[in-house]
Amino acid sequence: MIPEPNRYRVISKVTFQRRLRRLLQTVTFVIGMGVVSATAKTHPVPLEKNVDSAKCLECHEDKSKGKAVHSAIGTGCLSCHEVRVNKDVTRIKLTTTTTSTLCLSCHEDKKFQPGQTMHPPAVRDCVKCHDPHQSANPNQLLKTISATTRDENLCLSCHNTGLNIPKGGSRHAALDMGCDTCHVTHKNGARGKVEFEAHLKKTVPALCLDCHDAKDAGLEKAHLGQPFGSANCLQCHNSHQSAKPKLMQTFLHNPFENKMCDSCHQPAKDGKIVLTNSDSRALCVTCHDEQAKQIETAKVQHPGAQGECITCHNPHGGKTPGFIQPDPVSACLSCHSEQADQMKKAHLHQPAFTQGCATCHEPHGGENLHLLRASNPNKLCLECHGPEVSPKKLESEHLVAIFDGKVRLPEDYFRKVTNLPIKYGRGHPTERHPVSDVMDPSDVTKVLKAVNCLSCHQPHSSANPGVLAKDQANNMAFCMSCHTSMTR
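These numbers come from a predicted model, not from an experiment.

On to the overall build of the chain, then. Along the backbone of the chain there are 14 helices and 18 strands. Referenced to the eigenvectors of the C-alpha coordinate spread, the extents of the chain come out at roughly 85 × 80 × 40 Å. Looking at the chain residue by residue over its 488 residues, the buried ones come to 29%. For the chain, the proportion of contacts with a sequence separation of at least 24, taken over those separated by at least 6, is 50%.

Here it is, written out as structure tokens:
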């Protein structure tokens with residue numbers, strides 16, 4: 001009797017084709033539901049086929065008047081709108097299928113480029129922020145971006161920056177000056193650079209020093225005489241708000257948080273930092289002996305971890321656990337250029353390029369190939385995507401932990417993670433489809449077909465949704481790369 005997990009059901013070629021077609025039709029339908037189309041709307045009164053802009057303005061004169069009028073108004077209504085007359089029914093639609101396509105036909109400089117940052121609304125729907133005709137605000141914005149309440153400030157329609165500061169926390173005074181004091185909404189550039197990720201006017205610290213004088217006596221005293229003028233301010237401070245005083249970052253190194261600076265620093269000399277040890281690594285090891293042993297004794301060693309600790313870690317604090325600098329992704333990509341090229345693709349795997357490489361890899365060295373946190377791809381992927389995922393809640397830190405507590409993630413991390421209905425090594429992407437090795441029905445000790453998550457998916461990024469292998473699209477041709485008998 002063959003046990004259930006290894007039972008292999010043989011189906012006919014016709015049945016397989018029918019099931020595959022049904023699956024692809026379902027996928028196509030679901031994808032299609034996500035497409036926003038500029039469907040035609042019935043005009044309240046009939047119009048002539050050869051109607052012109054002057055006729056439109058007889059009723060819609062308000063669209064051409066205001067403090068900020070869209071320059072396209074001058075080219076005529078029919079440059080964006082199409083009039084369709086069928087007997088006594090007049091319908092009006094855009095000249096393109098989506099609003100973003102229409103806007104980008106003129107504003108090509110705002111077009112999304114794979115591998116670059118982009119303010120999310122600008123990718124999908126320009127009229128979420130802009131009135132296409134006229135507005136009382138610059139750039140035809142629907143609301144101002146300088147108010148301090150959610151009802152008045154356009155940015156706060158999506159962001160809650162500065163609105164929910166706990167007792168004892170702090171708020172950056174620059175918020176009252178308006179979001180455009182520091183940000184340029186459509187500023188795009190290479191991913192991994194804070195200037196472009198946050199759409200900043202300048203990089204840090206140049207932007208901060210526009211308001212804060214590094215030679216100010218008060219600031220020098222607050223930094224205990226240590227030089228800070230060329231430091232990355234965001235490694236210690238949150239630029240908007242904080243649950244801690246003085247805009248301190250979410251995660252702080254214990255000696256820094258408790259003002260034990262003299263445990264690591266001597267007084268600055270000639271404007272330069274002086275450590276209490278000969279070098280930073282020797283200083284770190286005095287407290288972090290456990291990590292030093294892991295680096296030295298790991299079966300698979302990480303060469304990058306054998307250098308200076310502060311190459312990857314900020315000694316004061318950061319936005320993420322471990323104080324990775326400049327962030328948990330860029331810290332690794334500075335050495336791993338091949339993975340940096342992967343970042344240029346349109347669709348990125350969130351753990352790899354948003355959360356950080358250490359979500360899946362042991363940064364100090366480990367027991368598994370490629371420094372993976374699990375012995376095989378399936379065990380690694382199902383730590384997040386498995387049917388019985390149960391991350392440990394760290395309520396006091398507002399985090400959750402996986403991999404036996406080694407990886408800490410934001411408490412809402414799993415809200416967007418797809419949970420796969422896998423049972424007995426089958427069930428994705430369709431019922432009974434294997435996701436683990438298929439055993440030979442004549443000898444269950446032998447593998448008939450080697451299968452794991454990487455048989456179909458890439459772990460980092462893809463040119464198409466679903467991070468499918470070889471950048472392929474989710475269609476019949478992809479399935480046929482394995483099911484070759486169906487092409488004969």
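One open sheet holds the 3 strands; their spatial order is 1-4-3, and the pairing between them is antiparallel. Edge positions in the sheet fall to strand 1 (41-42) and strand 3 (81-86), since each of these pairs with one other strand and no more.

Sheet topology places strand 1 next to strand 4 (residues 89-94); 2 bridges connect them, and they run antiparallel. Residue pairing for strand 4: Lys 41 is matched across the bridge by Ile 92. Sheet topology note: the strand 3/strand 4 ladder contains 6 bridges and is antiparallel. Within the sheet, the bridge partner assigned to Val 83 lies in strand 4 and is Ile 92. What sits between strand 3 and strand 4 in their antiparallel hairpin is a turn of 2 residues, with Lys 87 showing a positive phi close to 60 degrees.

Counting 10 residues, the largest nonpolar core is built from Leu 372, Ala 374, Leu 380, Cys 384, Val 400, Ile 402, Phe 403, Val 407, Leu 409 and Tyr 413. The set of elements that each furnish at least two residues to this core consists of helix 13 (377-385), strand 14 (399-402) and strand 15 (407-410). Every residue in contact with Val 407, bar those within four places of it in the chain, is listed here: Ala 358, Thr 359, Arg 373, Val 400, Ala 401 and Ile 402.

Those residues of helix 13 not exposed but buried are Asn 378, Leu 380 and Cys 384. Projection of helix 13 onto a plane perpendicular to its axis shows the buried side chains occupying an angular sector of 160 degrees, all on one side. On its buried face, helix 13 is in contact with strand 14.

As used in these notes, a disulfide is a covalent bond between sulfur atoms, one from each of two cysteines. The full count for this structure, using the stated rule, is 0 disulfides. This cysteine, Cys 155, is not joined by any disulfide, and Cys 179 carries the nearest cysteine sulfur, 3.7 Å off. Accessibility expressed as a relative area gives 23% for Cys 155, which makes it partly exposed. Of the cysteine sulfurs around Cys 309, a residue in no disulfide, the closest is that of Cys 284, at 4.0 Å.

Counting all residues, the mean pLDDT for the chain is 88, and 91% of those residues have values of 70 or more. Across residues 1-9, confidence stays below pLDDT 50; counting only partners more than four residues off in sequence or on other chains, it has 17 contacts.

With respect to the helices, strands and loops of the structure, Val 194 is situated in helix 5 (residues 194-197). Of the residues examined, Val 194 reaches a relative accessible area of 29% and is grouped as partly exposed. Not counting residues up to four positions away in its chain, the partners in contact with Val 194 are His 199, Leu 200 and Leu 234.

Judged by pairing direction, the sheet is antiparallel, and its 3 strands sit side by side in the order 13-14-15 without closing on themselves. Of all strands in the sheet, those with a lone pairing partner are strand 13 (392-394) and strand 15, marking the two edges. The mean inter-strand angle of the sheet, taken between neighbouring strand axes irrespective of direction, is 35 degrees. Examined bridge by bridge, strand 13 and strand 14 share 3 bridges and lie antiparallel to one another. Among the inter-strand pairings, Lys 392 is bridged to a residue of strand 14, identified as Ala 401.

Relative to strand 15, strand 14 runs antiparallel, the two being bridged by 4 bridges. The partner of Ile 402 across the bridge, within strand 15, is Val 407. As consecutive antiparallel partners, strand 14 and strand 15 are separated by 4 residues, and within that stretch Phe 403 has a phi angle of approximately 50 degrees, a positive value.

This part covers the pattern of salt bridges. Per the counting criterion, the structure on display carries 13 salt bridges. A salt bridge links Asp 471 to Lys 345; the shortest N-O distance between them is 3.1 Å. A residue pair is termed long-range when its members are at least 10 positions apart, and Asp 471 in the loop between strand 18 (461-462) and helix 14 (476-480) and Lys 345 in the loop between helix 11 (337-342) and strand 12 (347-348) qualify at 126 residues. Taking relative accessible area as the criterion, Asp 471 reaches 25% and is therefore assigned partly exposed. Given a relative accessible area of 18%, Lys 345 falls into the buried group. For Glu 362, the salt bridge goes to Lys 406, with nearest N and O atoms at 3.6 Å.

Mapped onto the elements of the fold, His 70 is located in the loop between strand 2 (68-69) and strand 3. The buried category is assigned to His 70, whose relative accessible area is 17%. A polar contact of 2.8 Å, which involves the side chain of His 70, links it to the backbone oxygen of Pro 132. Setting aside residues no more than four positions away along its own chain, His 70 makes contact with His 107, Pro 132, His 133 and Gln 140.

With respect to the element layout, Asp 279 can be found in the loop between strand 10 (272-275) and helix 8 (280-285). Residue classification places Asp 279 among the partly exposed positions, given a relative accessible area of 29%. Separated by 29 residues in sequence, Asp 279 and Glu 308 have C-alpha atoms that sit 8.4 Å apart. Within the structure, Asp 279 has its side chain in polar contact with the side chain of Ser 278 (distance 3.3 Å).

Following Val 204, the chain continues into Pro 205 via a peptide bond in cis, with omega recorded as 10 degrees. For Pro 205, the position within the fold is in the loop between helix 5 and helix 6 (217-222). A cis geometry characterises the amide bond from His 428 onward to Pro 429, with omega recorded as 5 degrees. With phi around 55 degrees, His 199 is a residue other than glycine that occupies positive phi space.

Reading the values: the criteria
- Residues numbered from 1 in each chain as written.
- Predicted model: local features only at pLDDT ≥ 70, side-chain atom pairs only at ≥ 80, totals over all residues.
- Heavy atoms only, no water.
- Helix = DSSP H or I, 4+ residues; strand = E, 2+ residues; numbered from the N terminus.
- Buried < 20%, exposed > 50% of the residue type's maximum accessible area, 1.4 Å probe, protein only.
- Contact = heavy atoms within 4.5 Å.
- Pairing = 2+ DSSP bridges.
- Core = buried A, V, L, I, M, F, W, Y, C linked by side-chain atoms within 4.5 Å.
- Arc of directions from axis to C-beta.
- Disulfide = S-S within 2.5 Å.
- pLDDT = per-residue confidence, 0-100.
- Axes fitted to C-alpha atoms, helices over the stretch in contact; angles between N-to-C directions.
- Salt bridge = Lys/Arg side-chain N within 4 Å of Asp/Glu carboxyl O.
- Polar contact = N/O pair within 3.5 Å; in protein donor to acceptor, adjacent residues only side chain to side chain.

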